[in-house]
Each structure stands twice: as C-alpha cells, then as structure tokens.
Amino acid sequence: MAKVFIYPATSLILSDLVARFGHSPLSAAIQIRERIQTPGLDSPPLQITPEEPKKGLKYAAVEVPSGVRGRMSLYGPMIEKAEAAIIINDADYAFGCMGCARTNELIKFLVRSSGIPVLDLNYPKSEGEGEEFVAAIHAFLKELGESG
Amino acid sequence: MTEYKPLYVGTVTKYVFVESPDMTPGDLAIRAYEISRGVMIKETCFGLQITGKEEDVNAVIGMLRELDPAHIFVKDRGFPPGDPRRCRANLGGARPGYYGHEFEISLIRNVSKGLESLASRDPERVPNPPSPESGMALDISKLKKIIESMEG
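The sections below set out a description of the structure shown in this document. (Residues numbered from 1 in each chain as written. Chains lettered and ligands numbered in written order. Predicted model: local features only at pLDDT ≥ 70, side-chain atom pairs only at ≥ 80, totals over all residues.)

On to the interface of chain A and chain B, then. Listed per partner, the contact involves 46 residues of chain A and 41 residues of chain B. Those elements that place two or more of their residues in the side of chain A that touches chain B are helix 1 (12-20), helix 2 (28-36), strand 3 (40-41), strand 5 (118-121) and helix 6 (127-147) of chain A. In terms of residue count, the dominant contributor to the side of chain A that touches chain B is helix 6 of chain A (eleven residues). Tallied by class, the residues present in the side of chain A that touches chain B amount to 23 nonpolar, 14 polar and nine charged. Direction of pairing for strand 3 of chain A relative to strand 1 (residues 3-4) of chain B: antiparallel, over a ladder of two bridges. Each bridged residue has a counterpart across the sheet, and for A:Leu41 the counterpart in strand 1 of chain B is B:Glu3. (Contact = placed C-beta atoms within 7 Å. Helix = DSSP H or I, 4+ residues; strand = E, 2+ residues; numbered from the N terminus. Nonpolar A, V, L, I, M, F, W, Y, C, P; charged D, E, K, R; others polar. Pairing = 2+ DSSP bridges.)

Pasting the structure below:
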C-alpha cells in the first residue's frame, strides 16, 4: 500500500479512487483531524496556531506570507511522506474562500521536484473522458503496487 | 486564548456520498443504521457522515459500498459532525468545503461510468485521460463569448 498525495488535497474523487484501488490517500482532512484532536489553546476554526507558520519556514522563506507558510505546515509533511502523487490541474475551486493560489503553485512545484511518480490529469467532462480518467488512475496505482 | 479540549479523540469521521439512480441518501442511511455497530451516523442531503473507531467505520463503509459500488464515494473529514466551528447551523450558509463537493458531484457520474466500464476494459489498452496537454488552451467558442461580452 503506497501513500499517494492528492491535489486538490480535499478532492472527493481522488480520495475515493486511491482508497478504492488499495492505497492510502494523503488528504488535507487527515492533517486537520490531527490538529482538531490535539488538546492545547483554542484557535478556531482550524486549530492553526502561530506555531504553524514557523513550521512552514521549512518550505517557504520568511518573507512569504504567513498564510502560505501556515498552509505548507499542513501540506509539506504530506509531500515528504508521499510515494506518489496525482494532480488534477483544472481544479478552480482550490483557489477561493479556503484556498491560496501561491500555496497551490508551491505544492505542485514541491511535488514535481521531489522525484516521485506523478500522474497529471484534468477533470473528466464527459462519460468517455470518465472511462479514460478512471483507467489511468487504476493503471498508475497498479504499477505502484507492483513496484512497491 | 482559552484552553481547547477536543471532542471524540481517537475517532475518525468519513463522508459517504451517494449519487445513484437506484439509491437515495435515505436508503443508504437506513442500511447504515442496521449495521452501525455503535458508530455515530449523521444523515445529510448527499449521504452520511460516519464517526467512530477507524476499524468500525471502515467495516461499515465496506458493507455500504457493496450496495452500489460505482455510485458510492467516500472521503475523510477532519471535523466531527456538528462541530460548531464548521456546522452551518452555527455559521449560516454553506461551509467552505461544500463548494468543492458541489463541483465534484456534478462530474461524478462520469467517474461512475468509468468504474462500471473498468472491469470490461481491455487491460492492454493504454488510457488516454484528459490532461493539461490534451486540451486547447482557449476554446474558440469561449473566446468568442469573451469578445461578445466585452463589446456589450
């Protein structure tokens, strides 16, 4: 069972398909759950404390906004642990009320420069594309299982 | 800052989405209650949230998936159900993660079709998935619409 980083890290489709085909998806929920279930000082809504941007310094320089560094304290350790990654490139919702475009760029850069196998996709817009989309993920994960 | 005491420590929460022509979230909930084994189940408009020990939650989800494998989708959730920091009953409006789910659910029938056809697919056939390289940067019809909107 390989640890597979998924982007967007909140994707239902990727999280389900990776788990369905027998691997372990690394998604944002796991990192958030870890913080939500750890006692400490109340820091709503996500229990992101002033410590997180300090941890993010490992991935981004000090002049980078604290929002990017705070997010990287969630995503950075997952990218380090990942043995493979699946990236959906046309996920517009990853930038908005909870997302950050610069963090997304940094995540993709770190994934690509880490040397792990990466599957680049777009969302399937038709049933035909859906068949190819699922088959591509299945083949990618099957290969991981054989090599791992 | 005040002291924070977490609830439901040591549990996991998972979303179960159902997008099926043969099954409603209500049907899924009834079946889930039958096999719940002490896990906490919350019904939602799209399916369920299941909270409990990881092995119990996975066992229930495994049985639920068998009902309609290509149309039931599962993902982890960081917060337990009804958490006042996330629950829309306290905040008003949709919670932030809802928009992502709404978008993906609109495409999920294509994924269901892919799952259904996977078993009958020739294993030697190389997949040609939608990827950033496969599409045109800007569709002509989209460009035309942009020009027309600017002229108006």
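Moving on, we come to helix 5 (residues 140-151) of chain B. Given 3.6 residues to a turn, an α-helix orients residues that are three or four positions apart in the same direction. Between its first and last C-alpha, helix 5 of chain B extends 17 Å over twelve residues, near the 16 Å set by a 1.5 Å rise per residue. By the criterion of burial, helix 5 of chain B is predominantly exposed, with just zero of the twelve residues buried. (Expected span 1.5 Å × (residues − 1). Buried ≥ 20, exposed ≤ 12 C-beta atoms within 10 Å, placed from the backbone.)

Take the sheet that holds strand 4 (residues 84-88) of chain A next. All names here are of chain A. The strand order across the open sheet formed by four strands is 2-1-4-5, and the pairing between neighbours is parallel. Pairing within the sheet leaves two strands with one partner each, and these edge strands are strand 2 (24-26) and strand 5. Ignoring strand direction, the axes of neighbouring strands in this sheet form an average angle of 25 degrees. In terms of strand pairing, strand 1 (residues 3-7) meets strand 2 through three bridges, oriented parallel. In the strand pairing of strand 2, valine 4 is matched with proline 25. (Axes fitted to C-alpha atoms, helices over the stretch in contact; angles between N-to-C directions.)

This brings us to the environment of B:Glu19. All names here are of chain B. Counting through the fold element by element, glutamate 19 comes out in the loop between strand 2 (12-18) and helix 1 (25-34). You can call glutamate 19 buried: it has 20 C-beta atoms within 10 Å. For the pair formed by glutamate 19 and arginine 109, sequence separation is 90 residues and the distance between their alpha carbons is 7.5 Å. Setting aside its immediate chain neighbours within four residues, glutamate 19 contacts His71, Ile105, Ile108 and Arg109.

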